[in-house]
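# A look at the structure
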Amino acid sequence: MLSSRPPHSFLALLYVVTCMQSVLCLWPIPRSLQTGSTPLTLSGSFSIDIQVPNAPGDLQEAAARTHSYLKTDQLGRLAVGRGASDAAVLHGAKQLNSLHLTLAGSVSKVQSISSEAILPLGSRSEEYMLSIPSTGGTATLSANSTLGLFRGLTTFEQLWYTTGETIYTLEAPIHIVDSPAFPYRGLMLDTARNFFPVSDIKRTLDAMSWTKINQFHWHITDSQSFPLEIPGFTEIAEKGAYSSSSVFSPSDVSDIVSYAGARGIDVVVEIDTPGHTAIIYESHPEHVACFDASPWATYANEPMAGQLRFASPATTNFTTSFLEATAKMFPSSLFSTGGDEVNVPCYDQDEETQQILNSTGQSLLEALQTFVDTAHGGLKKLGKTPVVWEDGSTELVSIGADLILDHNVTVANDTVVMVWSSSEAAVGVAALNLHMVHGPSDYFYLDCGAGEWIGADPDGNSWCDPFKTWQRSYTFDPFLDLTASQQHLVLGGEQLLWTEQSGPQNLDSIVWPRAASSAEVFWTGATLPDGSPRNVSSALPRLHDLRFRMVQRGINAIPLQPLWCALRPGACDLTA
Amino acid sequence: MFPKSTLVVFATLLTVFAPVDALWPQPRSLQTGTTPLRLSSGFDISASSIHNAPTDLQQAVQDAKTLIQTDKLQRLVVGRGSGDAAVVQKAHTLSKLTLSLGKGAIANSITSESQKAPEARDEAYTLTVPSDGTGATITANSTLGLFRGLTTFTQLFYETGGTTYLLNAPIHIEDSPAYPWRGLLLDTSRNFFPVDAVKHTLDAMSWNKMNQFHWHIVDSQSFPLQVPGYTDLAAKGAYDSQSVYSPQDVADVVSYAGARGIDVMVEIDTPGHTAVISQAHPEHIACAEATPWASFANEPPAGQLRLASNATIAYTAGLLTAVSKMFPSTLFSTGGDEINANCYAQDVETQQALNATGKTFEQALDTFTQATHKALIAEGKTPVVWEEMVLAHNVTLSNNTLVLVWISSDDVKAVAEKGFKLIHAASDYFYLDCGGGGWVGENPDGNSWCDPFKTWQHSYSFDPTANLTADEAKLVMGGQHLLWTEQSGPQNLDPIVWPRASSSAELWWSAPSGNASADLDTALPRLHEMSYRMRQRGVDTISLQPEWCAIRPGACDLTA
């Protein structure tokens, strides 16, 4: 009689299909990846051995977190049956007992992850090598820095699934050689339109680190509120924060900076100037022009109006001083002075500004140049590299970059320009021969598509409609229309959350897993490990996997599709 | 320097002009004064005049007392109401709220009142809060009305420095809903939602006086409902053994909803949206998981009930009957949307059945629908269908069938002209999922099919009787917001639903003037307060604006 059981070879065939699915589940996918088809289970006594002399505390803590995730992720494989059928092949599989961490070469002095993470862009070492033999036993992770070891640990965590009590991978041997394609891989959060407590920021930093994002761009203040308590300038937050509990104290800042650093993330703070500063009026009315002027739409891109009176030497000095005081709170080599959306009518109507311009004979642009030069000069003395927004929205603003370039070419060379108005603006920035970070609204703005938030405008939509899907962001080309000789100017990019319609309530769901899109664009670069172009169809199953892992770790990442689709890679593609 | 008296006048004026009531939905009749009252530490709510007060009313009283103590909502003004402390300290205290039923009214449970047919529900109440601190009262002719009054009462209070207070006594409210159907649809099939998430949503609905939970419980992607006698459907069609609603879960949700003034209408969408039934019963499903899916269904996976098969008709009628016994509501939705003709055209069994009986597809659909509806009517249910059953097909429906308009608000008139009672659920106003981008894979430039995102303002500006004659307008039962969950799960349930769904809750309860711009001006500050109050109660409502705007009513209006 016929056996009801399929022949053994048929089972083996199914197993191959299984492997091909799960091998794809690293995010961002490493630059070089070789895998086999041997199952391995994690030993109950699995240990991570740090074979690094004088291992810094943050490396030890990182290893402990990895060890903990291995146990607590409890992620069932995203396949019909959630991996329950893997139990059969896992029975009797070899065990992995340990992961050895070593630093390559002769490292004279071992630095902490935190100190490696805040090195200037271009001098950070994030590369690592990870090997897991098919025979089990010991896996090895080596790197040139503790930061590289940390990136490798992050990858290692993503290799494992759980079924029943068993933690396993199906693809040993695994050999990974990995390093980022771009040095700047960021996420921007605006904590001024609505406030976010420290715990929400830390949770976001955790999720960022899992996707190897290494820059937290903290748009910490704006016209609506000033939650940053700056030593020597505490009156600004005292009068400008939403409430006394909606404040980041110096100890909150250092807590966040060190939490980020231990997770391989540098914190670049932005104090947006001279626009986006209305709330400074509450403590320093003398420094703010057109405060709360009405109709706001004439004087600002959103309510409320108010900008630093930059033509005034007193205001320039005040600004430079509090920027310097802020810079001392953040160890990063980068500091953003903003510079977007400067509104000209605000200054045209401001008597004080007009009087000063008349008496000095300066044009508004010349006064802005003086202001930017002075502010940047103060920051540079503190060792900071200035970061500014590109701005294509007014005549004045594209000048932010022009000014620096015209005034002192050698200074301009290291200024970093953030492209935001449109991906097309990158070409203009490249023409100025300035380094750039991609943050274009048409690809990377996480807030787009959520409708109008301005009142009394029932038919208004999001200014940057439509919603930027992960797929849209994922198809971004960092080199756009740049010439080959301009490509070195691209430092990387970031997704951005402006928070007019966000708060702690929807932080996770509006950011994740979408922000992982650019994390892979800028880590992996244009090609997959097999040399084929990066593409949305092979990315989707991996991104599902990352999203489910994030949910297991307590992040409220949204489903990208019905679970039916997530369990059946490709089945919900457009032409499937 | 200002003389002291000027300062006092100035402060008082500010208090008067800033918003001092956060009622949502706005009562139909509301008179308020300017006298502050603070809540006594011994404040109590008494229902002792109600003979044999049902337990769900007693529980509602307890819940209201708790909310009043725990809301701790600070007024949404600059300073968050800290300036109220002085005036509140000298105010009379309010120590009691008394509930009573009108003469001859019977104290049925809130649950049983909620589960009556929509037009038969009595939700009216009268609420008074005297300015001298003597007791407040709520009177109604049903426990459901008392419950609505309690909901309003909990929204009267703010907190500052440990004191719970209001600023606008005396208050006199005469209230009742403009429309009997004020709903929310949740799809628990595309992605699963645990019972806790459903209950959490029911709580939030009740605070908005919503009274109809439209539970789109199954669909082609998964079948989480465990139906007695048909347990193989969930056993093979649920995402996993934890992603299931057992009969006990259903009873739990239904009674939780009922105690909160909410009726649960279940939907078993037929004959389309049923692919997953093929896991347990391949014989009943045409074109199961056929590819390319786009030729056989509006979204993957394809698969529809073999409506021309007598066996499938009998099976479906039996299934619907069994489901209907799980839900005490008088309403039952059989769906009927997005039937794919090509699926049946390519299905050999369906074509054979049609040939054998000499029926057209439309005639077979009519037979199928009549049979399933007859089974439900025999159970005392009123059938509810999506609009295609009336507008796209030639199906005989009983006169009292309710029709959900979803494709477009432009279709309302056509449904009304056919004489059916209708429920507004138009995608162009009320779909909460719109604007979330394309979710189908390998489609990087795909956007939401129903772009753009429906803001609360857009939903709020909907006119329920636009283009209808006076007689047709009587057919409008109300409406609902809807969440289809291709891109939602428990992770974003709160922020994608709230406070936007509050927008239509007020539309159907309060029937705003129809002057959209005037209505929106007064609505936004109240909706902010409702949203902040919901947050205090643990619902993750999204920010409608920067907080700077929320505490300065009107300052962020388009032309401010």
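Look a little higher up for the structure.
Further remarks concern the side chain of Ser-324 of chain B. All names here are of chain B. Along the chain, the position of Ser-324 falls in helix 9 (residues 310-324). Relative accessible area serves as the criterion here: at 2%, Ser-324 is assigned to the buried category. Excluding anything up to four places from it in sequence, Ser-324 contacts Phe-332, Leu-376, Glu-379 and Lys-381.

What follows deals with helix 5 (residues 143-154) of chain B. All names here are of chain B. Taking 1.5 Å of rise per residue, 12 residues should cover 16 Å, and helix 5 covers 17 Å from first to last C-alpha, within 8% of that figure. Along helix 5, 12 of the 12 residues are buried, which leaves the element largely enclosed by surrounding structure. Buried within helix 5 we find Thr-143, Leu-144, Gly-145, Leu-146, Phe-147, Arg-148, Gly-149, Leu-150, Thr-151, Thr-152, Phe-153 and Thr-154. N-cap assignment for helix 5: the residue whose side-chain oxygen lies 3.3 Å from the backbone N of Leu-144 is Ser-142.

Below, the discussion takes up the packing of aromatic side chains. The description of two aromatic rings rests on the distance between their centres and on the angle between their planes. One pass over the structure, following the stated rule, counts 51 aromatic pairs over all chains. Ring geometry for Phe-226 of chain A against Phe-322 of chain A: centres 6.3 Å apart, planes inclined by 75°, an arrangement best described as edge-to-face. A residue pair is termed long-range when its members are at least 10 positions apart, and Phe-226 of chain A in the loop between strand 8 (215-219) and helix 7 (234-240) and Phe-322 of chain A in helix 10 (residues 313-327) qualify at 96 residues. Assessed through its relative accessible area of 2%, Phe-226 of chain A is described here as buried. Grouped by ring-pair contacts, the aromatic residues Phe-182, Tyr-443, Phe-444, Phe-476, Phe-479 and Phe-522 of chain A constitute a single cluster. Sitting over the face of the ring of Trp-210 of chain A, Arg-553 of chain A holds its NZ or CZ atom 4.9 Å from the ring centroid. Its end group placed over the ring of Tyr-256 of chain B, Arg-260 of chain B keeps NZ or CZ at 3.5 Å from the ring centre.

The next subject is the pairing of strand 13 (residues 385-389) of chain A. Residues and elements named next belong to chain A. Summarising burial for strand 13: 5 of the 5 residues are buried, a large majority. Residues Thr-385, Val-387 and Trp-389 line one face of strand 13 and the alternating positions Pro-386 and Val-388 line the opposite face, and both faces are buried. Relative to strand 14 (residues 416-419), strand 13 is paired through 3 bridges, and the arrangement is parallel. Paired with Val-387 across the bridge in strand 14 is Val-416.

Bringing the state of the cysteines into the picture now. Residues and elements named next belong to chain A. The final tally for this structure, using the stated rule, is 6 disulfides over all chains. Between the sulfur atoms of Cys-565 and its disulfide mate Cys-572 the distance is 2.1 Å. Between Cys-565 and Cys-572, the S-S dihedral sits near -75°, and the bridge is therefore left-handed. As far as burial versus exposure is concerned, Cys-565 and Cys-572 are alike and both buried.

Core analysis: the biggest nonpolar cluster contains 127 residues, and Ile-201, Leu-205, Phe-216, Trp-218, Phe-322, Val-511 and Trp-512 of chain A have the highest contact counts within it. Residue contacts for Trp-218 of chain A: discarding those within four places in its chain leaves Leu-189, Thr-191, Ile-201, Phe-248, Val-253, Ile-256, Val-267, Val-268, Val-269, Glu-270 and Phe-330 of chain A. Within the second largest apolar cluster, 121 residues are counted, among which are Val-250, Phe-296, Leu-365 and Val-405 of chain B.

The rules behind each value
Residues numbered from 1 in each chain as written. Chains lettered and ligands numbered in written order. Predicted model: local features only at pLDDT ≥ 70, side-chain atom pairs only at ≥ 80, totals over all residues. Heavy atoms only, no water. Helix = DSSP H or I, 4+ residues; strand = E, 2+ residues; numbered from the N terminus. Buried < 20%, exposed > 50% of the residue type's maximum accessible area, 1.4 Å probe, protein only. Contact = heavy atoms within 4.5 Å. Expected span 1.5 Å × (residues − 1). Polar contact = N/O pair within 3.5 Å; in protein donor to acceptor, adjacent residues only side chain to side chain. Phe/Tyr/Trp six-rings, centres within 6.5 Å; stacked < 30°, edge-to-face > 60°. Lys NZ or Arg CZ within 6 Å of the ring centre and 35° of its normal. Pairing = 2+ DSSP bridges. Disulfide = S-S within 2.5 Å. Core = buried A, V, L, I, M, F, W, Y, C linked by side-chain atoms within 4.5 Å.

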